[in-house]
Amino acid sequence: MHGQGLPGFRDFYPEETALRNHIFGVWRSVAARYGFVEYDGPPLEALELYTEKSGDEIVAQLYTFEDKGGRQVALRPEMTPSLARMVAARARGMKKPIRWFSIPQLFRYERQQRGRLREHYQLNMDLIGEPGPLADAEIIGASIDVMRGLGLGVGDVRVRISDRRVVSHLLRRAGVPDTALPDALVALDKIDREPHDRLRARLTTSGVSTEAANRTLELGAVRGADALRDTLRGVPDGEETGEGLFACVDALGAMGLGDFVDIDLSIVRGLAYYTGIVFELFDARGTFRAICGGGRYDGLLERLGGVDLPGTGFGMGDVVLGELLRDRDLVPTLAGNIDAFLIAVSADDMPTVLELAHVLREHGRDVEFALKEQAVGKQLKLAAARGARHAVIVGPDERAAEEGLVRNLETGSEHRVTFARMHNGRLEA
Ligand code: HAM
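Figured I'd write up the structure that's included with this text. Note that the structure is predicted; figures quoted are calculated from it, not measured. (Residues numbered from 1 in each chain as written. Predicted model: local features only at pLDDT ≥ 70, side-chain atom pairs only at ≥ 80, totals over all residues. Heavy atoms only, no water.)

**Overview of the overall build of the protein**
Along the protein, the regular secondary structure elements total 18 helices and 17 strands. Against the 2.2 N^0.38 benchmark of 22 Å for 429 residues, the protein shows a C-alpha radius of gyration of 28 Å, more extended than a compact globule. Each principal axis of the C-alpha atoms in the protein carries an extent, and together these give about 95 × 55 × 45 Å. Counting only residues that meet the buried cut, the protein has 50% of its 429 residues in that class. As displayed, the protein offers around 20500 Å² of accessible surface, 49% of which is attributable to carbon and sulfur atoms. Between the centroid of the 54 positive side chains of the protein and the centroid of its 64 negative side chains there is a distance of 2 Å. (Helix = DSSP H or I, 4+ residues; strand = E, 2+ residues; numbered from the N terminus. Rg over C-alpha atoms; globule rule 2.2 N^0.38 Å. Buried < 20%, exposed > 50% of the residue type's maximum accessible area, 1.4 Å probe, protein only. Areas by Shrake-Rupley, 256 points an atom, 1.4 Å probe, with all protein chains shown as cover. Lys, Arg positive; Asp, Glu negative; His and termini not counted. Charge placed at Lys NZ, Arg CZ, Asp CG, Glu CD.)

**Some words on the packing of aromatic side chains**
Both the distance between ring centres and the angle between the ring planes are used here to describe each pair of aromatic rings. Taken as a whole and judged by the stated rule, the model has 10 aromatic pairs. For the ring pair Phe-9 and Tyr-63, a centre distance of 6.1 Å and an interplane angle of 75° mean the geometry is edge-to-face. Of this pair, Phe-9 sits in the segment before α1 (14-33) while Tyr-63 sits in the loop between α3 (56-60) and β3 (64-66), placing them 54 residues apart in sequence. A relative accessible area of 29% places Phe-9 in the partly exposed class. The interplanar angle of 75° and the centroid separation of 6.4 Å between the aromatic rings of Phe-279 and Phe-314 together place this pair among those described as edge-to-face. Of this pair, Phe-279 sits in strand β10 (residues 277-283) while Phe-314 sits in strand β12 (residues 311-317), and the two are 35 residues apart along the sequence. Take Phe-279: its relative accessible area is 1%, and that puts it in the buried class. Grouping aromatic residues by their ring pairs yields a cluster made of Phe-9, Tyr-63, Phe-107 and Tyr-109. (Phe/Tyr/Trp six-rings, centres within 6.5 Å; stacked < 30°, edge-to-face > 60°.)

**Re the nonpolar core**
Of all hydrophobic cores here, the largest spans 75 residues; its most connected members are Met-125, Ile-161, Leu-228, Ile-291 and Met-316. Sorting elements by how many residues they give to this core places helix α5 (residues 133-149) first, with 8 residues. Discounting chain neighbours no more than four positions away, the residues touching Met-125 are Ala-31, Tyr-34, Phe-36, Trp-100, Phe-101, Ile-139, Ala-142, Thr-312, Gly-313 and Phe-314. Of all hydrophobic cores here, the second largest spans 24 residues; its members include Leu-83, Ala-84, Phe-282 and Leu-300. (Core = buried A, V, L, I, M, F, W, Y, C linked by side-chain atoms within 4.5 Å. Contact = heavy atoms within 4.5 Å.)

**Quick word on the side chain of Glu-138**
Its place among the elements puts Glu-138 in helix α5. Separated by 2.8 Å, the side chains of Glu-138 and Arg-99 make a polar contact. Contacts of Glu-138, omitting those with residues within four sequence positions, involve Tyr-34, Arg-99, Leu-127 and Met-255. (Polar contact = N/O pair within 3.5 Å; in protein donor to acceptor, adjacent residues only side chain to side chain.)

**Considering the sheet that holds strand β2 (residues 44-46)**
Pairing is antiparallel across the open sheet formed by 3 strands, whose spatial order is β2-β4-β3. Since the sheet does not close on itself, it has two edges, and those belong to β2 and β3, each with one partner. The mean angle between the axes of side-by-side strands here comes to 35°, regardless of whether they run parallel or antiparallel. Where β3 lies against strand β4 (residues 72-75), 3 bridges are found, and the strand directions are antiparallel. (Pairing = 2+ DSSP bridges. Axes fitted to C-alpha atoms, helices over the stretch in contact; angles between N-to-C directions.)

As structure tokens, this is what we get:
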């Protein structure tokens, strides 16, 4: 029947919309503080934009169909390919580095599970045209400041950061052949979720020696700057390879955000296009799925649009974030925003109520009144239910005196305000 929407799709009743707007508000204000400008792209794209760029996991989840013109199209499952396409098309005319953000609604046919739906909104912040680690630090810093802006601190969320260049270097030095590197990265990605015997077996089937497979799993356990430094010291060219990652972590420290950040070589990211620093945000208690993920994708614009521009950015979804805010009691209450509820004592008072309501609205006041003749008590009840700050009562006496009786519904106190004053937008005594 029609009582329910599709599984994995949300209805936004006013309360949910208020939470969404709260999250969007913080997203927009942090993006602005970091100098990012907003863009958007189409919700429907050519299928091949994703089959070529996104990686198998997302491709398997696409909402895709043939349109009436015979084109293979897909609802966007992520924003990065559209962003790369748009920037590549106009790259020459734009001042670098480009700082762009967007809040697209995205669609993935996910298996039903907590924190994952079939549509979500995702803040995307991307910095294009700068290959150095300060660009990565800027992006990660912004993701942390969104958390802080929502009231979440170091005890609530952690950034786990790695670098695919470092990990690939260590894997090669451990004896993993180039052909098996993608499989070794997948094993690292799954290290906390699957039995190690199974991961090891899969690696050896991909042509990795037992020794190299063991070493791969050991790398997945490397946590923290000291452990990584020790690991890198042990391999030729190791320390140079780690410079970018350490510079990024140091920059976050200089910003005062270092306490949020942990180096963790098991962070790989599922998407195919990442080439350098990668990171994810998780709740500190490990209860929820990833809040945010991102990283550097230096080859993507070249492959999509023939312009060789490096990029780094993240996507942060509204679903897990909403769950976390509810869990920590950080959801703002849906406050009534009505300034004044105007009350007509009799039908004859209605034209005056309509006139006053309209001038108050012209002055930016949020005003409501009953849309039919009703007892004053009933109207006062509706005013209270709306969370109105004032009730303005207009009866024959008030009209004769040309002043309304204003009741402050928070304190119960009453005062009179002339109609002339209300014509200037005033309600206060
Ligand atoms: P992603 O890791 O696929 O990255 O998604 C980023 C975030 O979006 C996730 O951490 C999660 O919060 C949220 N998310 C993803 N799928 C779902 C879902 N089905 N339901 C609810 N939330 C979801 C990307 O999409 C990259 N394009 C991000 C990026 C931008 N990298 C560079 N720039």
